[in-house]
Amino acid sequence: MNILAEIRSRFASVLSVYTDQPAQYLEMIRPVEDSRHGDYQANFAMKLAKLCNQNPRDLALAVAAKIELSDICAPPDVAGPGFINLRLSDGWLGTEINRMAADDREGVAPVVSPKTYVVDFSGPNVAKPMHVGHLRSTVIGDAICRILRFLGHQVLGDNHIGDWGTQFGMIIYGYKHFLNQAAFEQDAVLELARLYRFVNQLCDYHDLRALQPKLDKGLAEKLEEIDAAAAAPGDEKQKQKLQKKLTGELEVIREQIADSRKKLSTVESNPQVEALARQHPEIAVKSRLETAKLHGGDPENLKLWNQFVPACLDAIQGVYDRLNIHFDLSLGESYYQPQLAAVVADLKEKGLARESEGAMCVFIPGTETPFIVQKTDGAFTYATTDLATIKYRRQPLHADAMLYVVDTRQSEHFKMLFETARLWGYGAVEFKHVNFGTILGEDGKPYKTRSGDTVGLESLLDEAVGEALKVIESEELANGEDRPKLAADVKQRVAEIIGLGGIKYADLKHNRESDYKYSLKKMLAKEGDTATYMQYAYARVCGIFRKCDVERDVVRQSPDRIVLSHSKERNLAVQLARFGEILESAMSEYRPNILTDYLFQTANAFSSFYDECSVRDAETPELRASRLRLVDLTARVLARGLELLGIETIEQM
RNA sequence: GUCUCCAUAGCUCAAUUGGAUAGAGCGUCGGCCUCCGAAGCCGAAGGUUGCAGGUUCGACUCCUGCUGGGGACACCA
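To start, this report covers the structure provided alongside it.

What counts and how
Numbering of residues begins from 1 in every chain and follows the order in which that chain's sequence is written. The order in which chains are written sets their letters, starting at A; the order in which ligands are written sets their numbers, starting at 1. Side-chain atom pairs in this predicted model are given and counted only at pLDDT of 80 or more, local residue features only at pLDDT of at least 70, and totals for whole chains, interfaces and linings cover all residues. As a convention, hydrogens and water are excluded, and side-chain values are obtained from all of the structure's heavy atoms. Where helices and strands are cited, they refer to DSSP runs of H or I of at least four residues and of E of at least two residues respectively, numbered from the N terminus. Note on exposure labels: buried denotes an accessible area under 20% of the residue type's maximum, exposed denotes more than 50%, and partly exposed covers the range between, all computed with a 1.4 Å probe on protein chains only. Any two residues whose heavy atoms approach within 4.5 Å at even a single point are treated as in contact. Shrake-Rupley sampling with a 1.4 Å probe provides the accessible areas, and residues are treated as covered by the protein chains on show and by no other component. Centres within 6.5 Å are what make two rings of Phe, Tyr or Trp a pair, Trp counting through its six-membered ring; a difference in plane orientation under 30 degrees is then read as stacked, over 60 as edge-to-face, and the rest as tilted. Criterion for a charge above a ring: Lys NZ or Arg CZ within 6 Å of the ring centre, and within 35 degrees of the ring normal. Proximity is defined per residue: if any heavy atom of the residue lies within 4 Å of a molecule or strand, that residue is considered near it. In the analysis that follows, any N or O atom pair within 3.5 Å is treated as a polar contact, provided that within protein one partner can donate a hydrogen and the other can accept it, and provided that, for residues neighboring in sequence, both atoms belong to side chains.

1. Looking at the overall build of chain A
Next up, step 1: Looking only at helices and strands, one finds 26 helices and 13 strands in chain A.
Next up, step 2: When the backbone C-alpha atoms are referred to their principal axes, chain A occupies close to 85 × 70 × 60 Å.
Next up, step 3: Each of the 653 residues in chain A was classed as buried or not, and the buried ones make up 49%.
Next up, step 4: In chain A, the share of contacts with a sequence separation of at least 24, taken over all contacts with a separation of at least 6, comes to 74%.
Next up, step 5: For chain A, the exposed area adds up to about 31900 Å²; of that, 51% sits on carbon and sulfur atoms.

Laid out in structure tokens, this is it:
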């Protein structure tokens, strides 16, 4: 059950005496941060006292006297200026924990009024291999789907694949001019990726060559500007400030030039590549033309597209299979293509879109930049596709809420998208940009390889699994004969689970809105707040059952009851009892880190219990039976919680 | 130039959205395996929450200014 919700509902009736808007005061009832104050605390007395013109402490005392919680808590305690502290009674806790143990959903009741959620996440481009940039969306989106679904909602995880964009023009151009037939027959996806990178490289090359004089000019101008600013009369402090700013800008230009030179020399140092670059001076324009032809229904390009897409999707699917991530829908951009003209026509008809500088735009009151739904050349944009998608998700999919698990840098786009959708008639839908920050390297800049390329997702996963394997082997060495050896294939499987779990957990444990520094060492470290810590706690429970020679199923079916006699047992029980409440609060702002945090604390409460309370050698048979049950429930909550994060558990590691 | 986000222990991050003495992990120092798995447990040191004001019973959180850093700013998604 949701303890917090229950306590709040008890307070609601008492508070109605003081105010007709109790909601904001009920919000101020929450779990304590410091366990010395009990288990839950109500902090509304100070605020409410002001409204009623009363002494806050008196008011707290009055409420505490009136509140009916004797079945759940010990008598409430009023502290400080008017905090009402609640401590769950051992009797109630015992009953609750036994109820949870007997329930195959660990006591988490499905929500009373389920909603239909469409969760848009991952969204890779089919033409390009997946890279680190896709990790957060994929992992966070998957966790949100799993949690919402477990809470009883109707959830449609939708992979809005980029399968219609400009990158296809590049691939088609590459296919027509640079194809290595043998390589294509051997591994089509690899060859297509190579073609994409190659065409991209040549486009960049020509762009940068054209840009070079401008950069040089910019550099010269900036230097002059700095000199002029230095010579100009004026306040010293202001001048210093200006100098600093200009020097900063100068640095940016210098970096651009250095970067550009590097890319140019990569091409020029290879005579073959340079020759090809010379032979294709218009490559960028012509690639765009190929895209336009594809969009216009050109049979040849459409045929190639139909040939490429399934192959690429297969490759992407391999990554999802490995990550154990599944979508309910995979409707890419191409799916909405036939509907885009109608979307624009409708927006025009409703007076929302109008022409500006040749493009069809929606202007949102209060924002200056337009939301472009059709470009000057007549092509539609991702804004148009997103609107068509919203329409589809509302009808026929009946979505009540649409979540977009997308990089925070796109927040401007989503702000305009949601506002446009509201004006367009979708005001009843809950739109939410579930934004997230960037994964950074050790240097604090977006995570790249040493040579400056983006890091492929698969190699990232391989690296983590490899590291996990190393850790397992070093542990095996350190433990000697103390533990049963894992068979080679089992070891590989365990490494896969620990490695991928490590990556996922490291991502999910950060507040999704923050950037974080990627550190393979830390997420697979032997000590600390890692997925391994929870997986280890789980494996230890399994170890207890092996040592006691009891089946977990048997314990679960038995009529034994959990009794809480030891303070470590109580701590663990309080922690377990909060599971349902945590899941709900994690979803109120779609923040999986609330769940990771909880699981860490739960595993910690277990480890602490494990250290002081023996299960096998418990003082009485009753206590042993009770602890077996408690420990089984702990393992179930840990496994369930990890499962909801997309992380697997193993019985031995 | 406009808008926007951020700054918390040596390092990496939390802080239930205004609550009590700001918490974890790593690192450092010190304890704990003849006892169910030490990938563990227990303890210590470590902070003027970038700076200066303000709002109030109460501020890491809200407001103003400053310093430093990221990001986004019409036809790429």
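2. So, helix α23 (residues 567-577)
Next up, step 1: By the criterion of burial, α23 is predominantly enclosed, with 9 of the 11 residues buried.
Next up, step 2: If you check which residues of α23 are buried, you get Lys 568, Glu 569, Arg 570, Leu 572, Ala 573, Val 574, Gln 575, Leu 576 and Ala 577.
Next up, step 3: Structurally, α23 contributes buried residues whose contacts are with α1 (3-15), α5 (90-102), α24 (579-588), α25 (593-612) and α26 (621-644).

3. What about the packing of aromatic side chains?
The geometry of an aromatic ring pair comes down to the distance between the two centres and the angle between the two planes.
Next up, step 1: Tallied over the entire structure, the rule returns 24 aromatic pairs.
Next up, step 2: Seen in terms of ring centroids, Phe 579 and Tyr 598 are 5.8 Å apart; in terms of plane orientation they differ by 25°. Their pairing is stacked. Placement of Phe 579 in helix α24 and of Tyr 598 in helix α25 is noted, with a sequence separation of 19 residues between them.
Next up, step 3: The class for Phe 579 is buried, based on a relative accessible area of 0%.
Next up, step 4: An aromatic cluster is built from Tyr 404, Phe 414, Phe 418 and Phe 431, whose rings are joined through pairwise contacts.
Next up, step 5: Sitting above the plane of the Phe 150 ring, Arg 105 keeps its charged end 4.3 Å from the centroid.
Next up, step 6: A cation sits over an aromatic face here: Arg 540 above Tyr 610, 4.0 Å from the ring centre.

4. Looking at the protein's contact with RNA strand B
Next up, step 1: The immediate surroundings of RNA strand B are formed by 67 residues, with Glu 333, Glu 357, Ile 372, Lys 375 and Arg 483 found nearest.
Next up, step 2: What you see for RNA strand B is that sugar and phosphate hold 59% of its atoms within 4 Å of the protein.
Next up, step 3: Within the side chain of Arg 36, an N or O atom sits 3.4 Å from a base nitrogen of RNA strand B.
Next up, step 4: In the environment of RNA strand B, a sugar or linking oxygen lies 3.5 Å from a nitrogen or oxygen atom belonging to the backbone of Asp 529.
Next up, step 5: The set of elements that each furnish at least two residues to the surface near RNA strand B consists of β1 (29-31), α3 (45-52), β4 (83-86), α10 (236-268), α18 (457-479), β13 (516-517), α21 (531-548) and α25.
Next up, step 6: By residue number, the principal contributor to the surface near RNA strand B is α21, which donates 9 residues.

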